[in-house]
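These are the residues of each chain, in order.
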Amino acid sequence: MTPDVILFLILAVVAIASALGMLLSKNAVYSALYLILNLATIAVFYLLLGAPFIAMVQVTVYAGAIMVLFLFVIMLLGAEQLRRARTLGWQQPVAVVLAVVLVAEATYIIFTKTSSLPDIEAAEAGFGSPQAIGELLFNQYLLPFEITSVLLLVAMIGAIVMTRDGKKKE
Amino acid sequence: MVPVSYYVALSAILFSIGTLGVLIRRNAIVIFMSVELMLNSANLLFVAFSRLYDLEGQIFVFFVMTVAAAEVAVGLAMIVAVFRNKRSIDIDQISSMKG
């Protein structure tokens, strides 16, 4: 086993454990904190895969901005825990069985069909750097980039309209 | 060197945990966080394959992150609006249209 594989396995255990922690925590605040740990681990994976720019965006946008918004809404609504009021008792075991089936068939397909794929080598200098990403983004993908700004504007207006109190009409 | 199928397997496991979260949790915010986990597992796979083939996978991950940020803003606004009407974000309580 090379050091690369050992590092991958340790990080993978952390990622899966934090995802399970998010799934199983009773308190929504703990779920959010576990998800932040998971997102940070995935940022480390991005660094290993030669994507430093994407890793930094992951930490600032996902683990920073988006999760702060989640924590803010959880605490604003006081929705850390729900009262026990189960209406569909049979649904939970069925969901667990279906998820296990999903993992099993995905693992089967991965390890029988992807054996011809090459290994991931260490990245050469400059691969995935902000300069390389920026050149590709502003030359070849300029139109999608501009459409993204319109999308963000629409999302901002939509969020304001939906949370506004509709009664003040005058 | 790490085989790329390891990354595919990790991504599949994280995606399945996200699916399970959507199916078994009743807190709407936790369901939303599970959707974020599924998006992230797909992003991981995009970056892994961009290492093998081309840089354009990373561009796609960039756009997925932007769309996810927009989705979170609108989705959390919807959750706040539902909470105003129902006084709860338990999705089992949101059954007004049940026949």
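None of these values were measured; they are calculated from a predicted model.

Peer 1: Can you help me understand the packing of aromatic side chains in this one?
Peer 2: Applying the stated rule across the entire model yields ten aromatic pairs over all chains. Centroid distance phenylalanine 62 of chain B to phenylalanine 63 of chain B: 6.1 Å. Interplanar angle 65°. Geometry classified as edge-to-face. What makes phenylalanine 63 of chain B buried here is its relative accessible area of 15%. Members of the aromatic cluster, connected to one another through ring pairs, are Phe8 and Phe45 of chain A together with Tyr6 and Tyr7 of chain B. Sitting above the plane of the phenylalanine 127 of chain A ring, arginine 51 of chain B keeps its charged end 4.6 Å from the centroid.

Peer 1: Got a minute to help me understand the interface of chain A and chain B in this structure?
Peer 2: Many descriptions give the size of an interface as the accessible area lost when the pieces come together. In this assembly, 86 residues from chain A lie in contact with 69 residues from chain B. Contact between chain A and chain B buries roughly 7,200 Å² in total, counting both sides, with carbon and sulfur atoms accounting for 76%. On the chain A side of the interface with chain B, the three residues burying the most area are Leu23, Phe70 and Ile120 of chain A, jointly 10% of the side's total. Here chain A is connected to chain B by zero salt bridges. Across the chain A-chain B interface, the total number found is eight residue pairs in polar contact (both at pLDDT 80 or more). Among the secondary structure elements, those contributing two or more residues to the side of chain A that touches chain B are α1 (3-24), α2 (28-48), α3 (52-77), α4 (91-113), α5 (130-139) and α6 (142-163) of chain A. Counting residues per element, the side of chain A that touches chain B draws most heavily on α3 of chain A, at twelve residues. For the side of chain A that touches chain B, the residue count by class is 61 nonpolar, 14 polar and eleven charged.

Peer 1: Would you explain the domain arrangement of chain A in this entry?
Peer 2: Residues and elements named next belong to chain A. Partitioning chain A into structural domains gives domain 1 (1-83) and domain 2 (125-170). Taking the mean C-alpha position of each, domain 1 and domain 2 sit 23 Å from one another. Listed per partner, the contact involves five residues of domain 1 and five residues of domain 2. Of the roughly 330 Å² buried between domain 1 and domain 2, counting both surfaces, carbon and sulfur atoms make up 73%. Summed over the three residues of domain 1 that lose the most area to domain 2, namely Gly50, Pro52 and Phe53, the buried surface amounts to 85% of that side. Viewed at the interface, domain 2 and domain 1 are joined by zero salt bridges. Counting across the interface, domain 1 meets domain 2 through zero residue pairs in polar contact (both at pLDDT 80 or more). In the side of domain 1 that touches domain 2, the residues fall into four nonpolar, one polar and no charged.

Peer 1: Sorry if this is basic, but what is going on with the nonpolar core here?
Peer 2: The tendency in soluble globular proteins is for nonpolar side chains to be buried side by side. In terms of nonpolar packing, the biggest core is built from 68 residues, with Phe45, Tyr46, Phe70 and Leu77 of chain A together with Tyr7, Ile29 and Met33 of chain B touching the most fellow members. Those elements that place two or more of their residues in this core are α1, α2, α3, α4 and α5 of chain A together with α1 (4-24), α2 (28-52) and α3 (56-86) of chain B. Of all the elements, α3 of chain A adds the most residues to this core, at twelve residues. Not counting residues within four places of it along the chain, the set of residues in contact with isoleucine 29 of chain B comprises Phe70, Val73, Ile74 and Leu77 of chain A together with Ile79 and Ile89 of chain B.

Basis of the calculations
Residues numbered from 1 in each chain as written. Chains lettered and ligands numbered in written order. Predicted model: local features only at pLDDT ≥ 70, side-chain atom pairs only at ≥ 80, totals over all residues. Heavy atoms only, no water. Phe/Tyr/Trp six-rings, centres within 6.5 Å; stacked < 30°, edge-to-face > 60°. Buried < 20%, exposed > 50% of the residue type's maximum accessible area, 1.4 Å probe, protein only. Lys NZ or Arg CZ within 6 Å of the ring centre and 35° of its normal. Contact = heavy atoms within 4.5 Å. Buried area = accessible area lost by both parts, 1.4 Å probe. Salt bridge = Lys/Arg side-chain N within 4 Å of Asp/Glu carboxyl O. Polar contact = N/O pair within 3.5 Å; in protein donor to acceptor, adjacent residues only side chain to side chain. Helix = DSSP H or I, 4+ residues; strand = E, 2+ residues; numbered from the N terminus. Nonpolar A, V, L, I, M, F, W, Y, C, P; charged D, E, K, R; others polar. Domains from an automatic or database assignment. Core = buried A, V, L, I, M, F, W, Y, C linked by side-chain atoms within 4.5 Å.

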